[in-house]
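Architecture at a glance
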Amino acid sequence: SGPAEVVGERATNHGAVAVMADISGLKAIQKRNAEFVSSVSHEMKTPLASIKAYVELLADGDAEDEDTKDEFFRIINGQADRLQRLIENLLNLARIEAGVVQVNKVPLSVNPLLQEAYDVLVPAAEQKNMKLVNELSPLYLGVLADRDTLLQAAINLLSNALKYTPVGGTVFLRSRLNEDEIIIEVQDTGVGLSPEDCQKVFEKFYRVKKDKDMAPGTGLGLPLVKHIVEDIHGGKIEVESEVCKGSTFRFILPSV
Ligand code: ADP
């Protein structure tokens, strides 16, 4: 075989490989990341600007009496708390999303864990003159769970129920067995959510406009709960709500 033939052979073997990928998914992720960074920056800018402004007022001697000074310090402290909360929540969420949180799933009884979350919130309920009603199932409810994150999820839901319910309201904590599923429910007699808001509350940074003045928050609590329930525990989270009547946040875990 001469050189010409070799060239010919090569020529016939020349194929084309086209690598095609659908990048619409990637584009959507990039867009979401950009939006995320933009909301984080926005959320951080506001308290920082306020801290700076009040520090300047103090430095310029604009606070004439002790009461005014105290007021300025109180505002600075409150805004620093807000930043701290935001950063802690962001870190929690990022750690869980990145999978670097030590997740240690063991078979455990869910009622004592819920009781612990209940006990944590008793003082907050008393302070707001609210009833916290314990309706935990008398049955042994076994789940395969990571103690720390599941406790965090229960505390977040209870704390939201207390935050978004006016003084004097009631919050119920329930657990029950439904065939091979364990249902955990936090119901409140609070401000409730519209159907559109029910869809959006699990998105990062989403806060219902009309409720923003009711309680401080970051809009990261429910996304964290969703991650814990769905990604770590293979469960499902849902919300049922009616404006001005109240909300029920429910998560469902496979029973073991
Ligand atoms: P945060 O409470 O820090 O704002 P979350 O992610 O926990 O963030 O909640 C997002 C939003 O969902 C809240 O700002 C509030 O508007 C709404 N929400 C959460 N829980 C309840 C509830 N139990 N009743 C009414 N609205 C709620």
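I will try to describe carefully the structure that is included in this document. Within each chain, residues carry numbers counting from 1 in the order of the written sequence. Thresholds applied to this predicted model are a pLDDT of at least 70 for local features of residues and 80 or more for the giving and counting of side-chain atom pairs; totals over whole chains, interfaces and linings are not thresholded and use all residues. Hydrogens and waters are ignored; side-chain quantities use all the structure's heavy atoms.

**Side note on the overall build of the chain**
- Each helix corresponds to a stretch of at least 4 residues labelled H or I by DSSP, and each strand to a stretch of at least 2 residues labelled E; elements are numbered beginning at the N terminus. Tallying secondary structure elements over the chain gives seven helices and seven strands in all.
- Taken from the N to the C terminus, the helices and strands of the chain come in the order α-α-α-β-α-β-β-α-β-β-α-α-β-β.
- Note on method: radius of gyration uses C-alpha positions; expected globular size equals 2.2 Å times residues raised to 0.38. Taking 2.2 N^0.38 as the reference for a compact globule, 256 residues should give roughly 18 Å; the C-alpha atoms of the chain span a radius of gyration of 26 Å, well beyond that estimate.
- For the C-alpha atoms alone, the extent of the chain along its principal axes is close to 100 × 65 × 35 Å.
- We call a residue buried when its accessible area falls under 20% of the maximum for its residue type, exposed when it is over 50%, and partly exposed in between, using a 1.4 Å probe and counting protein chains only. Relative to its full complement of 256 residues, the chain shows a buried share of 37%.

**Things to note about helix α7 (residues 221–232)**
- The terminal C-alpha atoms of α7 lie 16 Å apart, and with 12 residues this matches the ideal 16 Å at 1.5 Å per residue to within 8%.
- For α7, the set of buried residues is Leu222, Pro223, Leu224, Val225, His227, Ile228, Val229 and Ile232.
- We call two residues in contact whenever any of their non-hydrogen atoms come within 4.5 Å of each other. Lining the buried residues of α7 we find α3 (66–98), β1 (105–109), β3 (142–146), α5 (147–163), β6 (236–242) and β7 (246–254). Take the residue count of a helix, subtract one, and multiply by 1.5 Å to get its expected span.

**Quick word on the pattern of salt bridges**
- The term salt bridge refers to a pairing of a side-chain nitrogen on Lys or Arg with a carboxyl oxygen on Asp or Glu at a separation within 4 Å. Applying the stated criterion across every chain, the model contains 12 salt bridges.
- When the shortest N-O distance is used, the salt bridge between lysine 69 and glutamate 66 registers 3.7 Å. With lysine 69 and glutamate 66 both in helix α3 and three residues apart, the pair spans about one turn of that helix.
- With a relative accessible area of 52%, glutamate 66 lands in the exposed category.
- A network of salt bridges, in which partner residues are shared, links Glu135, Arg174, Arg176, Glu185, Glu238, Glu240 and Arg250.

**Comments concerning the sheet that holds β6**
- Here five strands make up an open sheet; going across it, the order is β2-β4-β5-β7-β6 and the pairing mixed. Among the strands making up the open sheet, the edge pair consists of β2 (131–135) and β6. The sheet shows a mean angle of 15° between the axes of neighbouring strands, taken without regard to direction.
- Strand pairing requires that DSSP identify at least two bridges connecting the strands. Relative to strand β4 (residues 170–178), β2 runs parallel, the two being bridged by five bridges. Across the sheet, the residue bridging to lysine 131 is threonine 170, located in β4.
- Structural elements are reduced to axes, namely lines fitted to C-alpha atoms, with helices fitted over the stretch in contact, and the angle between N-to-C directions of any two is expressed from 0 to 180 degrees. Each of β2, β4 and β5 (181–188) is contacted by helix α4 (residues 110–127), which is oriented at about 170° to β2, the strand it contacts most.

**Digging into the site of the ligand**
- Looking at the ligand, there are 22 residues lining it, with Asn160, Tyr164, Asp188, Arg207 and Thr218 nearest.
- We define a polar contact as two N or O atoms separated by no more than 3.5 Å, with the added condition that, inside protein, one atom must be a possible hydrogen donor and the other a possible acceptor, whereas residues neighbouring each other in sequence contribute only through side-chain atom pairs. The side chain of asparagine 160 places a nitrogen or oxygen atom 2.8 Å from an oxygen atom of the ligand.
- Measuring from an oxygen atom of the ligand, one finds a backbone N or O atom of glycine 221 at 3.2 Å.
- The Shrake-Rupley method, run with a 1.4 Å probe sphere, supplies the accessible areas, and residue values consider only the shown protein chains as cover. When the ligand sits alone it has 530 Å² of accessible area, and the protein chains cover 98% of it.
- Elements represented by at least two residues in the shell around the ligand include exactly α5, α7 and β7.
- Three residue categories are used. Nonpolar comprises Ala, Val, Leu, Ile, Met, Phe, Trp, Tyr, Cys and Pro, charged comprises Asp, Glu, Lys and Arg, and polar comprises the others, including Gly. Residues that form the shell around the ligand fall into these classes: 11 nonpolar, seven polar and four charged. Throughout, near means a residue has at least one heavy atom within 4 Å of the molecule or strand.

Read these as layout, nothing more, since geometry by itself doesn't imply function.
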